[in-house]
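Results of the structural survey
What follows is the residue order along each chain.
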Amino acid sequence: MQQDVLLEQNEDSTKLKICKKKSAIIVCVIVISGIIGFIRINSFNNKYIYNGKIANNVYIESVNVSNLNRKEAKELLNKKYTPKSIVISYEDKTFNIKPSDIGLKYNLDEAISNAYSFNKTDSYLENVKKVISLKSGNKESFKIKSIYDENKLDNYLQNIAKEVNSKVKDAKLYISDSGRFDITPSVVGKEVDIKSSKDKIKNSIDEKNFKTVNLVVKKEEPKIKTELLKSVDSVLATHSTKFNNSVPNRAHNIIKSANSTSDIILMPGEEFSYNESTGPRSKANGYKNAPVIVNGKLQDGTGGGVCQVSTTIYNSALYSGLDITKVRNHSLPSAYAPVGKDATVVDGYLDLKFKNPYNHPIYIKNTTYNGVVTSKIYGNSQDRKNISIRVEKVKGGNGNVVKTYRDFKDSSGNIIKSEYITTSSYKKK
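Here's a quick rundown of the structure. Model, not experiment: these values are computed from the prediction.

With that out of the way, let us pick up the overall build of the chain. The helix and strand inventory of the chain stands at 11 helices and 24 strands. Looking at the chain residue by residue over its 429 residues, the buried ones come to 39%. Here the chain has roughly 24600 Å² of accessible surface; of this, 50% comes from carbon and sulfur atoms.

In structure tokens:
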């Protein structure tokens, strides 16, 4: 019995020893595993996180900066991303905006810092996840921002605008008394579109694309272009009437009204108004008292003599083939024009008007010299017509009513078209 007890005690002691050995082995395994784990984690951290380098598969713009330290990344980026001059072009002009002109620079240091910190600033678990994601082939990219002074860019564009902008100007034609032609060329109006141009420049800066930027310019075409005025090359018609220089006030009014209705260009379809051209024929406007026909009687009135100029221009317009849109005869026959071929005018009441029916401009030129007032109408030689004016008495009108017609003839003198102009009625003297 005693022997059995001893045997059981020996067995228990053996089991206890075995258990202790197993526990020791387990502890050793745990310790060794911990050490190995620590070594691996430490190695992982040193290799992928706390290695002083940017993680693998990290880009700044299109540049791969994987496994580079900050200095190496900066040197690599500087080779590709250095601000350059922006070339702005318009027609034959070019303008260079230097980076220093607008304080242009790139935030390379900030981009490198962001790339470097990508897998280093979150929680350890998040940092590990990012490393694993990058190692599995995913990429992470960081942008480079362009920094510049918009006010300086605005000022630079304003200075460019001063060189490019131009006010629209119509071409001008002047024909001297001797018939010499002088044309001042037209100018296309130009205005730099600051906003649109600035947007294009900003886009070029943001994309780091320093190709030439075309300036955005708004244009305004002149109404009267040089080429159109060059088409005026000959006299379409001319008409002259004589006046008495011995009546100074009347001569003064004739000269003044002839000058104010001279050197006028009528574009195709435009209408001439005698009253608008002279303005009010008043003392305040420089006109003097002189004999004038009022209600069939000759009496002194402001602007006496201006009707001789309107009549002279009227006849020139008739023979030029212009469209007569408004004309009125005097109440009495005039000494300077036959019946049916005179044109009276009264401020705010009676006017002489005609339109240019041609596809080319016409030019009205009046001169006064040695008691003769002459009106020439210039135009294109293709618009010159063979015209005669026909005045017919109206039956039953006691010789005081006439109708005026204009006959257009071919080169052989045959009438190809007749046109009614007006009916004139005069009082007996």
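Before going further, it helps to spend a moment on the sheet that holds strand 15 (residues 271-273). Ordered in space as 15-19-18, the three strands form an open sheet in which the pairing is antiparallel. Each having just a single partner strand, strand 15 and strand 18 (323-326) make up the two edges of the open sheet. Across this sheet, the average inter-strand angle for adjacent strands is 25°, counted without regard to direction. Pairing of strand 18 with strand 19 (residues 353-355), which is carried by three bridges, proceeds in the antiparallel orientation.

One way to put it is that helix 2 (residues 70-80) packs onto helix 4 (residues 108-117) with a least axis distance of 10 Å and a crossing angle of 135°. It follows from the interaxial angle that helix 2 and helix 4 lie oblique. Crossing of helix 2 over helix 4 shows right-handed handedness. Of the residues in helix 4, those in contact with R70, A73, K74, L77 and N78 of helix 2 are L108, D109, I112, S113 and Y116. Here the residues of the contact of helix 2 with helix 4 are counted per class, giving five nonpolar, two polar and three charged.

Moving on to the pairing of strand 3 (residues 86-90). Where burial is concerned, most of strand 3 is hidden: four out of the five residues are buried. Pairing geometry for strand 3 and strand 4 (residues 93-97), over five bridges, is antiparallel. Of the residues in strand 4, the one forming a bridge with Y90 is K93. Across two bridges, strand 3 lies against strand 11 (residues 213-214) in parallel orientation. Note on strand 11: the bridge partner recorded for S89 is N214.

Attention now goes to unusual backbone geometry. Phi is mostly negative for residues that are not glycine, and the peptide bonds are mostly trans. A positive phi angle is found at K208, which is not glycine, with a value near 55°. You will see that N370, though not glycine, has its phi angle at about 55°, which is positive. Residue position: N370 is located in the loop between strand 20 (362-369) and strand 21 (372-379). You can call N370 exposed: its relative accessible area is 65%.

Mapped onto the elements of the fold, D351 is located in the loop between strand 18 and strand 19. The charged side chain of D351 is buried without a salt bridge, its nearest counter-charge being K353 at 4.4 Å. Polar side-chain contacts of D351 include one of 2.6 Å to the side chain of S273. Side-chain polar atoms of D351 contact the backbone nitrogen of N275, separated by 2.9 Å. With near-sequence residues (within four places) excluded, D351 lies in contact with S273, Y274, N275, K326, V327 and V345.

The next thing to look at is the packing of helix 9 (residues 248-260) against helix 11 (residues 306-320). Closest axis-to-axis distance for the helix 9/helix 11 pair is 7 Å, and the angle between their directions is 40°. Taken together, the axes of helix 9 and helix 11 lie oblique to each other. The way helix 9 lies across helix 11 gives a crossing that is right-handed. Facing helix 9, whose interface residues are R250, N253, I254, S257 and A258, helix 11 presents V306, Q308 and V309. Across the contact of helix 9 with helix 11, the residue classes tally to four nonpolar, three polar and one charged.

This brings us to helix 6 (residues 150-164). Count 3.6 residues to each turn of an α-helix, and residues three or four apart come out pointing the same way. The end-to-end C-alpha separation of helix 6 is 21 Å, in line with the 21 Å expected for 15 residues at 1.5 Å each. For helix 6, every residue scored as buried is listed here: L153, L157, I160, A161 and V164. With its buried residues spanning 105° around the axis, helix 6 presents them on a single face. Facing away from the buried side of helix 6 by over 90 degrees, the exposed positions are N151, K162 and E163. Of the surrounding secondary structure, the elements contacted by the buried residues of helix 6 are strand 3, strand 4, helix 3 (99-102), strand 10 (189-192), helix 7 (194-206) and strand 12 (217-220). The backbone nitrogen of N151 has a side-chain oxygen 2.9 Å away, supplied by the residue at the start of helix 6, namely D149.

How each quantity is defined
- Residues numbered from 1 in each chain as written.
- Predicted model: local features only at pLDDT ≥ 70, side-chain atom pairs only at ≥ 80, totals over all residues.
- Heavy atoms only, no water.
- Helix = DSSP H or I, 4+ residues; strand = E, 2+ residues; numbered from the N terminus.
- Buried < 20%, exposed > 50% of the residue type's maximum accessible area, 1.4 Å probe, protein only.
- Areas by Shrake-Rupley, 256 points an atom, 1.4 Å probe, with all protein chains shown as cover.
- Pairing = 2+ DSSP bridges.
- Axes fitted to C-alpha atoms, helices over the stretch in contact; angles between N-to-C directions.
- Parallel < 35°, antiparallel > 145°, perpendicular 65-115°, else oblique.
- Left-handed = near helix turned anticlockwise from the far one by under 90°.
- Contact = heavy atoms within 4.5 Å.
- Nonpolar A, V, L, I, M, F, W, Y, C, P; charged D, E, K, R; others polar.
- Lys, Arg positive; Asp, Glu negative; His and termini not counted.
- Salt bridge = Lys/Arg side-chain N within 4 Å of Asp/Glu carboxyl O.
- Polar contact = N/O pair within 3.5 Å; in protein donor to acceptor, adjacent residues only side chain to side chain.
- Expected span 1.5 Å × (residues − 1).
- Arc of directions from axis to C-beta.

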